[in-house]
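# Descriptive structure summary
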Amino acid sequence: PPFLMVISPTMRCNLYCQGCYAGSYQQEKGLSAELVDRVITEGKEMGIFFYTISGGEPFIRRDLLQVYEKHNDCVFHIYTNGTLLNKFYIQRLVALGNIIPLISIEGSEETTDARRGQGTYQKIMKVMDDLSEAGVPFGFSATHTSLNTQEILKDEFAELMIEKGAFLGWFFQYIPIGREPDLNLMPSAEDRNLR
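To start, this report covers the structure provided alongside it. (Residues numbered from 1 in each chain as written. Predicted model: local features only at pLDDT ≥ 70, side-chain atom pairs only at ≥ 80, totals over all residues. Heavy atoms only, no water.)

### Digging into a negative patch on the surface
So the rule is basically this: Each patch is built from residues that are more than 30% exposed by relative accessible area and take part in no salt bridge. Like charges join if they lie within 9 Å; nonpolar side chains (Val, Leu, Ile, Met, Phe, Trp, Tyr) join within 5 Å. Surface accessibility follows the Shrake-Rupley procedure with a 1.4 Å probe radius. Residue values consider only the protein chains on display as shielding. Salt bridge, as applied in this entry: a Lys or Arg side-chain nitrogen positioned within 4 Å of an Asp or Glu carboxyl oxygen. When charges are counted, neither His nor the chain ends are considered; positive counts come from Lys and Arg and negative counts from Asp and Glu. Every charge is mapped to an atom, namely NZ of Lys, CZ of Arg, CG of Asp or CD of Glu. Numbering of helices and strands runs from the N terminus, with a helix taken as a DSSP run of H or I at least four residues long and a strand as a DSSP run of E at least two residues long. Here's how the labels work: a residue is buried when its accessible area is under 20% of the maximum for its type, exposed when over 50%, partly exposed in between, all with a 1.4 Å probe on protein chains only.
A cluster of acidic residues, Asp155, Glu156, Glu159 and Glu163, forms a negative patch at the surface. With respect to the helices and strands, Glu156 occurs in helix α7 (residues 155-164). Residue classification places Glu156 among the exposed residues on the basis of a relative accessible area of 53%.

In structure tokens form, the structure reads like this:
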């Protein structure tokens, strides 16, 4: 069996990010909690105990907390914009202990807010502090675009994420699909080869 399984239970989101792939999917429909539970149960029968939860914004679905709790022998990597991780969610993440949020960030405040909406950067900086203070393991995810190559490759960016408490990070390359795809946001060949 594969090492992990990716499940996207919803494409709904509380943000309207430029170039979001989820924007081209139906927002109303999603996978029921019962179906997500069944898929995880079947995955465990095959030997899969690591699940990546994607979206949209997965934390729109509070009902999935019961699924994560039921499958406490699994680890859930949840890609999130972080803005919904309030005190309620953080307390639940502490209690469950099997969820690792990966918070989306574009680099600087200016670049993050330009893509994700005004004030998003400050919200996720606070959420990172709150998660770190509560002892919840978390990471970051950055989408590499033509606009942020130099920012996300700087030592200062990595140092900030470490200072905030992130213990892992994922980098994705922008693919022009979904909401308002823009070929100009694709990293150039030179950008992709920078180290």
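Picking up where we left off.
### Topic: the packing of helix α3 (residues 87-96) against helix α5 (residues 120-134)
Rule in force here: The axes used here are C-alpha line fits, helices contributing only the stretch in contact, and every angle between their N-to-C directions lies in the interval 0 to 180 degrees. When the near helix sits turned anticlockwise from the far one by under a right angle, the crossing is termed left-handed; a clockwise turn instead gives a right-handed crossing. Whether two residues are in contact is decided by their heavy atoms: any pair within 4.5 Å suffices. When residue character is reported, Ala, Val, Leu, Ile, Met, Phe, Trp, Tyr, Cys and Pro are called nonpolar, Asp, Glu, Lys and Arg charged, and the others, Gly included, polar.
Remark: α3 packs on α5, axes separated minimally by 10 Å, with the N-to-C direction vectors making an angle of 35°. In this structure, α3 meets α5 at a crossing whose hand is right-handed. On α5, the residues touching Ile90, Leu93 and Val94 of α3 are Asp130, Leu131 and Ala134. Here the contact of α3 with α5 is built from residues that sort into five nonpolar, no polar and one charged.

### Describing helix α4 (residues 109-116)
Helical periodicity: at 3.6 residues per turn, an α-helix aligns residues three or four positions apart in one direction. Residues of α4 that are buried include every one of Thr111, Thr112, Asp113, Arg115 and Arg116, and no others. On its buried face, α4 is in contact with β4 (99-104), α5, β5 (139-144) and α6 (149-153). Backbone geometry just after α4 places Gly117 at a positive phi near 115°.

### Description of a nonpolar patch on the surface
A cluster of nonpolar side chains, Phe3, Leu4 and Val6, forms an exposed patch at the surface whose accessible area comes to about 310 Å². Note that Val6 resides in strand β1 (residues 5-7).

### Observations regarding the pattern of salt bridges
With the rule as written, the count across this model stands at nine salt bridges. In this structure, Glu106 and Arg116 form a salt bridge, with 2.8 Å as the shortest nitrogen-oxygen distance. One end of the pair, Glu106, is in the loop between β4 and α4; the other, Arg116, is in helix α4, with ten residues separating them in the sequence. Taking relative accessible area as the criterion, Glu106 reaches 1% and is therefore assigned buried. If you follow the salt bridges from partner to partner, you end up with Glu106, Arg115 and Arg116 in one network.

### Thoughts on helix α1 (residues 33-46)
Let me state the cut-off plainly: Expected span, for any helix, means 1.5 Å times one less than how many residues it has.
The terminal C-alpha atoms of α1, which comprises 14 residues, lie 20 Å apart, in line with the 20 Å expected from a rise of 1.5 Å per residue. Where α1 is buried, its residues touch β1, β2 (50-53), α2 (64-70) and β3 (75-80). Of the residues trailing α1, Gly47 is marked for its positive phi of about 100°.

### Concerning the nonpolar core
Rule in force here: Here the nonpolar core consists of buried residues drawn from Ala, Val, Leu, Ile, Met, Phe, Trp, Tyr and Cys, with membership extended through side-chain atoms lying within 4.5 Å.
Among the nonpolar cores identified, the biggest contains 38 residues, and Tyr51, Tyr68, Phe76, Ile99 and Leu131 are the most heavily contacted of them. Residue contributions to this core peak at six residues, all from α5. When near neighbours in sequence (up to four residues on either side) are disregarded, Tyr68 contacts Ile53, Phe76, Ile78, Leu96, Asn98 and Ile99.

### Digging into the pairing of β5
Put simply, the rule is: Following DSSP output, two strands are said to pair if at least two bridges run between them.
Of all six residues making up β5, six are buried, and the element is well covered by its neighbours. Going residue by residue along β5, you find Gly139, Ser141 and Thr143 tucked away on one face and Phe140, Ala142 and His144 tucked away on the opposite face as well. Where β5 meets strand β6 (residues 169-173), five bridges bridge the pair, whose relative direction is parallel. In the strand pairing of β6, Ala142 is matched with Phe171.

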